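# Chain and residue survey
Read off the chains here:
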Amino acid sequence: MPPGTLEEALDRVEALAEWAYLVSGSPASEGSLWRSLRAYATRRSLLDALDERCALETAFLTPEERRDIVRAGSFLPTGAHSRLLSAILGVEPGPAVLPRKGRRETR
């Protein structure tokens with residue numbers, strides 16, 4: 001669920017950073033958290049597009065093929081899974097993780 005307030009959003013980001021530190025043993029920067037969240041959001045949107053395409057074009061993939069493609073996300077890095085999904089959907093693969101140098105765009 002999306003956070004209700006700005007404070008709640010910040011609390012969630014801080015909790016995520018603390019969890020990442022406990023898991024990895026090194027502190028997570030704001031940039032690394034942002035890139036990770038962006039990568040997962042990219043993959044989620046591609047999975048949604050895959051579901052929509054399978055619903056509209058029932059001959060696009062068999063249920064077994066779709067299941068295998070979705071399950072590949074358990075074994076592939078997020079960026080690689082996003083590139084696989086992009087190739088299957090025939091869409092231009094966008095960067096799942098932005099380059100480390102530079103700042104993110106604000107629109």
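Residues numbered from 1 in each chain as written. Predicted model: local features only at pLDDT ≥ 70, side-chain atom pairs only at ≥ 80, totals over all residues. Heavy atoms only, no water.

This paragraph deals with the pattern of salt bridges. For the coordinates displayed, the defined rule picks out 5 salt bridges. Across the pair glutamate 8 and arginine 12 runs a salt bridge, and its minimum N-O distance is 3.0 Å. Placement of the pair is glutamate 8 and arginine 12 together in helix H1 (residues 6-24), with a separation of 4 residues, close to one helical turn. Residue classification places glutamate 8 among the partly exposed residues on the basis of a relative accessible area of 31%. (Salt bridge = Lys/Arg side-chain N within 4 Å of Asp/Glu carboxyl O. Helix = DSSP H or I, 4+ residues; strand = E, 2+ residues; numbered from the N terminus. Buried < 20%, exposed > 50% of the residue type's maximum accessible area, 1.4 Å probe, protein only.)

Quick look at the environment of isoleucine 69 now. Within the secondary structure, isoleucine 69 sits in helix H3 (residues 63-71). Along the chain, isoleucine 69 and leucine 50 lie 19 residues apart, while their C-alpha atoms are 9.7 Å from each other. Once you skip the residues sitting within four places of it in the chain, isoleucine 69 turns out to touch Leu50, Leu61, His81, Leu85 and Ile88. (Contact = heavy atoms within 4.5 Å.)

Predicted coordinates in areas of low pLDDT are best not read in detail. Mean pLDDT over the protein chain stands at 85; residues scoring 70 or higher make up 86%. By mean pLDDT, the top-scoring element of the protein chain is H3 (96), and the lowest-scoring one is H1 (89). Confidence drops under a pLDDT of 50 for residues 96-107, and excluding neighbours within four residues, the segment shows 15 contacts in the predicted structure. (pLDDT = per-residue confidence, 0-100.)

Among the nonpolar cores identified, the biggest contains 9 residues, and these are Leu46, Leu47, Leu50, Cys54, Phe60, Leu61, Ile69, Leu85 and Leu89. For this core, the secondary structure elements donating two or more residues are helix H2 (30-56) and helix H4 (78-89). The dominant element in this core, judged by the number of residues it contributes, is H2, at 4 residues. Apart from residues lying up to four places away in sequence, leucine 46 is in contact with Ser82, Leu85, Ser86, Leu89 and Val91. (Core = buried A, V, L, I, M, F, W, Y, C linked by side-chain atoms within 4.5 Å.)

Glancing now at a negative patch on the surface. On the surface, Glu7, Asp11, Glu14 and Glu18 cluster together into a negatively charged patch. Classification of glutamate 18 by relative accessible area gives exposed; the value is 54%. (Patch = residues over 30% accessible without salt bridge, like charges linked within 9 Å, V, L, I, M, F, W, Y side chains within 5 Å. Areas by Shrake-Rupley, 256 points an atom, 1.4 Å probe, with all protein chains shown as cover. Lys, Arg positive; Asp, Glu negative; His and termini not counted. Charge placed at Lys NZ, Arg CZ, Asp CG, Glu CD.)

Counted at 1.5 Å a residue, the expected span for H1 with its 19 residues is 27 Å, and the 27 Å between its end C-alpha atoms agrees. Looking one or two residues past H1, glycine 25 carries a phi angle of roughly 85 degrees, positive in sign. (Expected span 1.5 Å × (residues − 1).)

Bringing the packing of H2 against H4 into the picture now. A pair of packed helices can be characterised by two numbers: the angle between their axes and the separation between those axes. Two numbers describe how H2 lies on H4: the axes approach to 9 Å, and their chain directions differ by 30 degrees. On the basis of their axis angle, the class for H2 and H4 is roughly parallel. At the point where H2 passes H4, the crossing takes the left-handed sense. Across the interface between the two elements, Ala39, Tyr40, Thr42, Arg43, Leu46, Leu47, Ala49, Leu50 and Arg53 from H2 touch Thr78, His81, Ser82, Leu85, Ser86, Ile88 and Leu89 from H4. Grouping the constituent residues of the contact of H2 with H4 by class yields 9 nonpolar, 5 polar and 2 charged. (Axes fitted to C-alpha atoms, helices over the stretch in contact; angles between N-to-C directions. Parallel < 35°, antiparallel > 145°, perpendicular 65-115°, else oblique. Left-handed = near helix turned anticlockwise from the far one by under 90°. Nonpolar A, V, L, I, M, F, W, Y, C, P; charged D, E, K, R; others polar.)

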